[in-house]
Amino acid sequence: MLHYTFPYVEDFQCLAGACPDSCCKGWEVVIDEPTLQTYRQCSNPIGDRIRNALTQNNDQEWIFQNQRNGNCPFWNAQKLCDLQLQADDTLLCDTCRIFPRIPQNYTIFTEHVLSLACPEAAKRVLMQKEPFQAIFSYQDDSPTVPETELPYSLEWMACLRETRIILLQLLQDTSIPLADALCYGLYYVQQLQDWIEEKTDTFPQIQSTAAKPDFLYREAILHMYNNMEWMTPEWADWIQQIHLHPVTQTDLQAFQVIADDLLPAFRNFCSYYLYLYWLQAIDHGNVLLQYQKLLAALYEIAIISAWKLRETNFYTLSDCIQIVQLYAKEVMHDAENLEKLEITLVENGQQ
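Presented here is a report on the structure given in the accompanying data block. (Residues numbered from 1 in each chain as written. Predicted model: local features only at pLDDT ≥ 70, side-chain atom pairs only at ≥ 80, totals over all residues. Heavy atoms only, no water.)

1. Considering unusual backbone geometry
And step 1. The linkage connecting F99 with the following residue, P100, adopts the cis geometry, with an omega of 10 degrees.
And step 2. Within the fold, P100 resides in the loop between helix 5 (94-98) and strand 4 (101-105).
And step 3. One non-glycine residue with positive phi stands out, namely E198, at about 60 degrees.
And step 4. Along the chain, the position of E198 falls in the loop between helix 8 (178-196) and helix 9 (218-226). (Helix = DSSP H or I, 4+ residues; strand = E, 2+ residues; numbered from the N terminus.)

Pasting the structure below:
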């Protein structure tokens, strides 16, 4: 199997106790079966403490029972992991050992990225100056899977990889304003979806268009965000404040003025999002949904950014990174919230 990654993935180092939003608080971490068996047989001095912390969630998955404040029971006062301090990584479950690294396994190749839900990862992704292009990392010795046993068509996968390259080149082209590039991309993806559904025989090409389609169902999107469940108190407070004191078009225009200096970060976010999610259309064939999720993410990030600028008269790259990081944590990494977003987009698209 071939493995592809980015330089920022290979260079990543956890901030540990210095992390401003640790993954050791608030998260419900599912324990994989091999690690669960290790915990049950553990004779390490911390073994009894591990077994006493084990419980099952509503899906009958094994997890650690978080403390009342939401912290992992092994996250100590110094904001370090007692399991790591006792036995390095040998007692960590797969999720804790790998995060924020995200391996995307497509059977014959794997792509490795970092999760934006990690503050340091979000900073590295949004601030990177190199072209957003994965590099070949290594080839493992796993047996080659015959084409007849693949869960997808190689031709279909090649099409997705080719169209992803086209969209990434478009979004990273600094000669095209990002807002225009997003519109050109939407038009291209709409034509591509028609081609996939055999509504047309013509494979689309990127082209400029004077039309700026209403790509979002803004009222439905805002209503959906207002009715999600949130993990982070600060994020929940932001959403509540925006609900009580809505962001106006004037607020968005004010943010757009200062956002020009942040365009590289937003281009990186767009590229990251498409790189992470585009190939997942291999399972359902809905490339338009993947693109709409990007636009919905940008819309909510812009709403919160405009609100923050209005309330504080101040907005920097650090604010942008924090908002993106919390969006990733609250939506992109929450299966229920992500499903609500997808349902909203699909249902409104059918009206």
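2. A short note on the environment of A254
And step 1. Inspection of the secondary structure assignment puts A254 in helix 11 (residues 249-259).
And step 2. Separated by 72 residues in the primary sequence, A254 and L326 have C-alpha atoms spaced 22 Å apart.

3. Focus: the pairing of strand 4
And step 1. Burial of the side chains of strand 4 is restricted to one face: I102 and Q104 are buried, whereas none of R101, P103 and N105 on the reverse face is.
And step 2. Linkage of strand 4 to strand 5 (residues 109-114), two consecutive antiparallel strands, is achieved through a turn of 3 residues, within which T107 is found at a positive phi near 75 degrees. (Buried < 20%, exposed > 50% of the residue type's maximum accessible area, 1.4 Å probe, protein only. Pairing = 2+ DSSP bridges.)

4. Comments concerning the sheet that holds strand 4
And step 1. With mixed pairing, 4 strands are arranged side by side in an open sheet as 4-5-1-6. The strands lining the two open edges of the sheet, one partner per strand, are strand 4 and strand 6 (135-139). In this sheet, adjacent strand axes meet at a mean angle of 25 degrees when their direction is disregarded.
And step 2. Pairing of strand 1 (residues 2-5) with strand 5 involves 3 bridges; the strand directions are parallel. (Axes fitted to C-alpha atoms, helices over the stretch in contact; angles between N-to-C directions.)

5. Considerations on helix 11
And step 1. Among the residues of helix 11, those classed as buried are D251, L252, F255 and A259. Buried positions in helix 11, seen along its axis, are confined to an arc of 95 degrees and lie on one side of it. Exposed positions of helix 11 whose direction lies more than 90 degrees from the buried face are Q249, T250 and V257.
And step 2. Residues of helix 11 that are buried in the fold lie against helix 12 (263-277) and helix 13 (287-312). (Arc of directions from axis to C-beta. Contact = heavy atoms within 4.5 Å.)

6. Remarks on the side chain of T110
And step 1. Tracing the backbone shows T110 in strand 5.
And step 2. Overall, T110 belongs to the buried group, its relative accessible area being 3%.
And step 3. With sequence-adjacent residues up to four places away left out, T110 is seen in contact with M1, L2, H3, Y4, P103, Q104 and N105.

7. Describing the packing of aromatic side chains
And step 1. Summed over the entire model, instances satisfying the criterion amount to 20 aromatic pairs.
And step 2. On the basis of an interplanar angle of 65 degrees and a centroid distance of 4.9 Å, the ring pair of F64 and F74 is categorised as edge-to-face. Of the two residues, F64 is situated in strand 3 (residues 62-64) and F74 in the loop between strand 3 and helix 4 (82-87); the sequence distance between them amounts to 10 residues.
And step 3. A residue is classified by how much of its surface remains accessible, and F64, at 13% relative accessible area, is buried.
And step 4. Centroid distance W235 to W238: 6.0 Å. Interplanar angle 50 degrees. Geometry classified as tilted. With a gap of 3 residues between them, W235 and W238 both fall in helix 10 (residues 233-244), about one helical turn apart. Across this residue pair, the class does not change: W235 and W238 are buried.
And step 5. Connected via pairs of aromatic rings, a cluster forms that spans Y225, W230, W235, W238, W307 and Y327.
And step 6. Lying across the ring of F109, R161 places its NZ or CZ 4.0 Å from the centre.
And step 7. Looking at R164, its charged tip hangs above the ring of Y275, at a distance of 4.0 Å from the centre. (Phe/Tyr/Trp six-rings, centres within 6.5 Å; stacked < 30°, edge-to-face > 60°. Lys NZ or Arg CZ within 6 Å of the ring centre and 35° of its normal.)

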